[in-house]
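These are the residues of each chain, in order.
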Amino acid sequence: MINKKVANAQEALHDVQDNQTIMVGGFGLSGIPENSIAELVRKNITGLTCISNNAGVDDFGLGLLLQKRQIKKMIASYVGENAEFERQMLSGELDVELTPQGTLAEKCRAAQAGIPAFFTPAGYGTEVAEGKETREFNGKMYVMEEAYQADFAIVKAWKGDEVGNLIFKGTTRSFNAVMAGAGKITIAEVEELVPLGELDPNQIHIPGIYVKRIFQGEKYEKRIEQRTVRKRD
C-alpha cells in the first residue's frame, strides 16, 4: 500500500514554486481548499496562474492571494464577487482569461483523462473563439479547446483515506472532482482522513490513483458567499 498521507498543508505544498500553474477546486466559496490557500499565502508564492471557477471574494478564498499580488493570471468563469479582482483587471495588473463554465470544467476533465483537446459549440462566433480552430460537425460549428496543463491541482473533499480515495459532499463535488488528477501533482485536503478500508467503495467519487498527497485540514470557516433569507410574513 502506498500511504499518501502527509502531516499538513505545509508538507503537502512544500514544492510549489513561483510562476507555476495551479488548479484550485471549489464552487464559489463552497468546497475551496482553505488550508492550502492559506499556506500559499504564507509561502508568499508569486507569479501564479490560477485556474478556478471563480476568484473568491476580497478577503477569502483566492481573494487572499489577489490581495498580496501573488496571482499574475486568473483563468475563471465567474468573477463578480471580488472588487480587488476587478480593480487589478481594469488597471492591467492582472491577466484574465474568462472561460464559459462548462468549457472550463471540460478542459479540466480532459486533462484528467489525458485527452489533449476537444470540440465544443460554446463560444463560437464570440471573442472566446478568436485564434482557435473551428470545425463543422453535422451542420453545426464548433470551437476546439485544448486541455489545461497545470503543475498542481489542489482539491478539497469531505472524506478521504490514506491512499487518496475521496468522497465529496453536495456542491463541493463540482470542480474538485474534475480537477483531481488534472495537474501533474494533485493535493487533496479533507475534513476527515480515515484508514484504508473505512470508506464504502461504492461511495468513492475519486479513486486514490489520481491523488499524490492527502492531509486532514482544520478550522474550516465555510463562509457563505451570498446569504439570502426569506422575509417574515
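For the structure itself, consult the block above.
Residues numbered from 1 in each chain as written. Predicted model: local features only at pLDDT ≥ 70, side-chain atom pairs only at ≥ 80, totals over all residues. Heavy atoms only, no water.

Chemist: Report on helix α2 (residues 34-43), specifying residues and quantitative values.
Modeler: Of all 10 residues in α2, 7 are buried; the element is thus mostly enclosed. In this fold, the buried residues of α2 make contact with α1 (9-12), β1 (21-24), α3 (63-67), β8 (150-161), β10 (183-194) and β11 (213-216). (Buried < 20%, exposed > 50% of the residue type's maximum accessible area, 1.4 Å probe, protein only. Helix = DSSP H or I, 4+ residues; strand = E, 2+ residues; numbered from the N terminus. Contact = heavy atoms within 4.5 Å.)

Chemist: Could you give an account of the environment of Ile-187, naming the residues involved and the relevant values?
Modeler: Among the structural elements, Ile-187 can be located in strand β10. A relative accessible area of 0% means that Ile-187 is categorised as buried. A C-alpha to C-alpha distance of 8.3 Å links Ile-187 and Phe-215, two positions 28 residues apart in sequence. Apart from residues no more than four positions distant in its own chain, Ile-187 is found in contact with Ala-12, Leu-13, Phe-152, Ala-153, Ile-154, Val-155, Arg-213 and Phe-215.

Chemist: So what's going on with the pattern of salt bridges? Which residues, and what values?
Modeler: This model, assessed by the stated rule, comprises 14 salt bridges. Among the ionic pairs, Glu-93 bridges to Arg-87, the shortest N-O distance being 2.8 Å. Take Arg-87: its relative accessible area is 34%, and that puts it in the partly exposed class. One salt bridge connects Arg-109 with Glu-106, and the closest N-O pair in it is separated by 2.8 Å. With Arg-109 and Glu-106 both in helix α5 (residues 101-113) and 3 residues apart, this pair spans about one turn of that helix. If you follow the salt bridges from partner to partner, you end up with Arg-69, Glu-84, Arg-87 and Glu-93 in one network. (Salt bridge = Lys/Arg side-chain N within 4 Å of Asp/Glu carboxyl O.)

Chemist: Tell me about the sheet that holds strand β5 (residues 117-120), and name the residues and values.
Modeler: Across the sheet, 3 strands lie side by side as β5-β7-β6; this open sheet has antiparallel pairing. Here the strands that pair on one side only, and so sit at the sheet edges, are β5 and β6 (134-137). Pairs of neighbouring strands in the sheet enclose a mean axial angle of 35 degrees, with direction left out of account. Against the sheet, α5 makes contact with β5 and β7 (140-146), and its axis sits at roughly 155 degrees relative to β5, the strand it touches most. (Pairing = 2+ DSSP bridges. Axes fitted to C-alpha atoms, helices over the stretch in contact; angles between N-to-C directions.)

Chemist: Please give an account of the state of the cysteines that cites residues and values.
Modeler: Covalent bonding between the sulfur atoms of two cysteines defines a disulfide. Applying the stated rule across the entire model yields 0 disulfides. Looking at the unpaired Cys-50, the closest cysteine sulfur is the one in Cys-108, lying at 12 Å. Residue classification places Cys-50 among the buried residues on the basis of a relative accessible area of 1%. (Disulfide = S-S within 2.5 Å.)

Chemist: Provide a residue-level description of the packing of aromatic side chains, including the pertinent values.
Modeler: Summed over the entire model, instances satisfying the criterion amount to 3 aromatic pairs. Ring geometry for Phe-27 against Phe-175: centres 6.5 Å apart, planes inclined by 10 degrees, an arrangement best described as stacked. Note that Phe-27 is positioned in the loop between β1 and α2 and Phe-175 in helix α6 (residues 173-179), a separation of 148 residues in sequence. Measuring from centroid to centroid gives 5.2 Å for Phe-119 and Phe-137, while their planes differ by 65 degrees, and the two rings are edge-to-face. Of this pair, Phe-119 sits in strand β5 while Phe-137 is found in strand β6, placing the two residues 18 residues apart along the sequence. (Phe/Tyr/Trp six-rings, centres within 6.5 Å; stacked < 30°, edge-to-face > 60°.)

Chemist: An account of the environment of Gln-101 is needed here, citing residue identities and associated values.
Modeler: Topologically, Gln-101 is positioned in helix α5. For Gln-101, a relative accessible area of 38% translates into the label partly exposed. Taking the C-alpha atoms as reference points, Gln-101 and Val-190, separated by 89 residues in sequence, lie 25 Å from one another. With sequence-adjacent residues up to four places away left out, Gln-101 is seen in contact with Phe-27, Asn-53, Ser-77 and Phe-175.

Chemist: I'd like a rundown of the nonpolar core, residues and numbers included.
Modeler: Grouped together as the largest cluster of nonpolar side chains are 32 residues, with contacts concentrated most on Ile-22, Leu-40 and Met-74. Only α1, β1, α2, β2 (48-51), α3, β3 (71-76), β8 and β10 provide two or more residues apiece to this core. Contact partners of Leu-40, with chain neighbours within four places excluded, come to Leu-13, Val-16, Ile-22, Ile-45, Leu-65, Gln-70 and Ile-154. In terms of nonpolar packing, the next biggest core, distinct from the first, is built from 28 residues, Ile-75, Phe-118, Ala-157 and Ile-214 among them. (Core = buried A, V, L, I, M, F, W, Y, C linked by side-chain atoms within 4.5 Å.)

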